[in-house]
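Survey of secondary and tertiary structure
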Amino acid sequence: MRITPWMAAVAAMGLIMSCHKDDDNDEKPQQGIFYGNKVNVGNGIARSFISHTDDHDQMELGITLSASALQGLSANEQEFELDMPKEAAGLTPFDHIALGWMSHGHPDPVYHLPHFDIHFYMISKAEQETISPDKPEMGLLPDLKFLPPEYINPDLTGVPKMGRHWVDPTGPEFQPGGKFTTAFLMGTYNRKVVFWEPMITREYLTTKPDTVMAIPQPPAFQQKSHYPTRYEIRFDQQKQEYRILMSGFEHR
């Protein structure tokens, strides 16, 4: 997420506020854990994964990031494209993943720390490439029932190849004395919700967290699929890797 002045407005507002199958399909998806392509990040690697059983509520979708990936990171912003495992096709509304390294954070008083963005896109790569602030589609918002009620959209101009970002101003980072460690955003373009996005600071990852958080849920969804209700950050001591994932999938 490359966002500049609008985050200051959000900060002020926060202080003021101090393989998918339909359920009726008998065909069962392949079980197990499956990985996407490996991508070099820092001194380590990242890759996508999906893990599931016959029960979709046991499914997990996310990325792994080796501990060594936190070292040797570029001083400049970077984005890494992570293809979804082929076994994930159709199981969720997510099409592909973009892992961003924001070396200097954003120039605002909230998300200014170095951090990772993980965009889980609900559109194709080809459609993502067409997103532009210069197009009228950037200003076309979806029905607000497709976004969590508490989310707001201070990103009035939008970001190329991403869209307009929506944030939760009730999050701890917006409260007096609060600090950004991790957050969960959503994005829109051309009347559609086009991505869900966890953000995590590098500093927070170095604490090797074991965190489970609820994902704010919209009252309605634009396409039928299995959607996650939880967001988790784990550290596997044996494998020396982070697992940043979404879980608790429900058919909506």
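Residues numbered from 1 in each chain as written. Predicted model: local features only at pLDDT ≥ 70, side-chain atom pairs only at ≥ 80, totals over all residues. Heavy atoms only, no water.

**Brief notes about the overall build of the protein**
Each helix and strand in the protein was counted, giving three helices and 15 strands. Split into buried and exposed, the 252 residues of the protein put 54% on the buried side. On the protein, roughly 11100 Å² of surface is accessible, and the fraction owed to carbon and sulfur atoms is 50%. (Helix = DSSP H or I, 4+ residues; strand = E, 2+ residues; numbered from the N terminus. Buried < 20%, exposed > 50% of the residue type's maximum accessible area, 1.4 Å probe, protein only. Areas by Shrake-Rupley, 256 points an atom, 1.4 Å probe, with all protein chains shown as cover.)

**Remarks on the nonpolar core**
Burial of nonpolar side chains together is a common tendency in soluble globular proteins. Ranked by size, the top nonpolar core spans 46 residues in total, and within it Val41, Leu65, Leu99, Phe116, Trp196 and Leu205 carry the most contacts. Among the nonpolar cores identified, the runner-up in size contains ten residues, and Met138, Val159, Tyr189 and Val194 belong to it. (Core = buried A, V, L, I, M, F, W, Y, C linked by side-chain atoms within 4.5 Å.)

**Regarding the confidence of the model for the protein**
When pLDDT is averaged across the protein, the result is 88; 86% of the residues are at 70 or more. Ignoring residues within four places in sequence, the model shows residues 15–27, a span with pLDDT below 50, making 27 contacts including any to other chains. (pLDDT = per-residue confidence, 0-100. Contact = heavy atoms within 4.5 Å.)

**Section: the side chain of Ser66**
With respect to the helices and strands, Ser66 occurs in strand S4 (residues 60–66). Engagement of the side chain of Ser66 in a polar contact is seen with the backbone nitrogen of Ile45, the distance being 2.8 Å. Setting aside its immediate chain neighbours within four residues, Ser66 contacts Gly44, Ile45, Gln240, Glu241 and Tyr242. (Polar contact = N/O pair within 3.5 Å; in protein donor to acceptor, adjacent residues only side chain to side chain.)

**Topic: the sheet that holds strand S6 (residues 96–102)**
What links the strands of a sheet is backbone hydrogen bonding, and the strands pair in either a parallel or an antiparallel sense. Within the open sheet, the six strands sit side by side as S5-S6-S7-S10-S9-S8. Their pairing is antiparallel. Looking at which strands have only one partner, the edges of the open sheet turn out to be strand S5 (78–82) and strand S8 (164–166). Neighbour-to-neighbour, the strand axes of the sheet open up by a mean angle of 25°, direction not taken into account. Relative to strand S7 (residues 115–121), S6 is paired through seven bridges, and the arrangement is antiparallel. Looking at S7, one finds that Ala98 is bridged to His119. (Pairing = 2+ DSSP bridges. Axes fitted to C-alpha atoms, helices over the stretch in contact; angles between N-to-C directions.)

**A word on the packing of aromatic side chains**
One pass over the full model with this rule turns up twelve aromatic pairs. Here Trp101 and Phe116 contribute two aromatic rings whose centre-to-centre distance is 4.9 Å and whose plane-to-plane angle is 40°, an arrangement assigned as tilted. Here Trp101 is found in strand S6, whereas its partner Phe116 is found in strand S7, with 15 residues between them in sequence. Comparing Trp101 with Phe116 shows no difference in burial state: the two are buried. With a centroid separation of 4.7 Å and an interplanar angle of 85°, the aromatic rings of Tyr111 and Phe180 are classed as edge-to-face. Taken together, the residues Tyr111 in the loop between S6 and S7 and Phe180 in the loop between S8 and strand S9 (182–189) connect sequence positions 69 residues apart. Given the relative accessible area of 1%, Tyr111 is considered buried. Exposure remark for Phe180: the relative accessible area of 2% places this residue in the buried category. Here the aromatic cluster, defined as three or more aromatic residues joined through ring pairs, consists of Phe94, Phe120, Phe184, Trp196, Phe221, Tyr227 and Tyr231. Over the ring of Tyr35 we find Arg47, and its NZ or CZ is 3.8 Å from the ring centre. Sitting over the face of the ring of Phe49, Arg243 holds its NZ or CZ atom 4.2 Å from the ring centroid. (Phe/Tyr/Trp six-rings, centres within 6.5 Å; stacked < 30°, edge-to-face > 60°. Lys NZ or Arg CZ within 6 Å of the ring centre and 35° of its normal.)

**Quick look at the environment of Ser51**
Looking at where Ser51 falls in the secondary structure, it is placed in strand S3 (residues 44–52). The spacing of Ser51 and Glu87 is 36 residues in sequence and 9.4 Å in space, taken between C-alpha atoms. In contact with Ser51, not counting residues within four places along its chain, are Gly32, Ile33, Gln58, Met59 and Glu60.

**Description of the environment of His96**
Within the secondary structure, His96 is located in strand S6. Apart from residues lying up to four places away in sequence, His96 is in contact with Leu82, Met84, His119, Phe120, Tyr121, Ile123, Ser124, Lys125 and Gln128. A distance of 3.3 Å separates a polar atom in the side chain of His96 from the backbone oxygen of Ile123.

**Digging into the pattern of salt bridges**
With the rule as written, the count across this model stands at ten salt bridges. The residue Glu232 makes a salt bridge to Arg234 at a minimum N-O spacing of 2.7 Å. Bridged by salt links that share partners, the residues Glu60, Arg230, Glu232 and Arg234 form one connected network. (Salt bridge = Lys/Arg side-chain N within 4 Å of Asp/Glu carboxyl O.)

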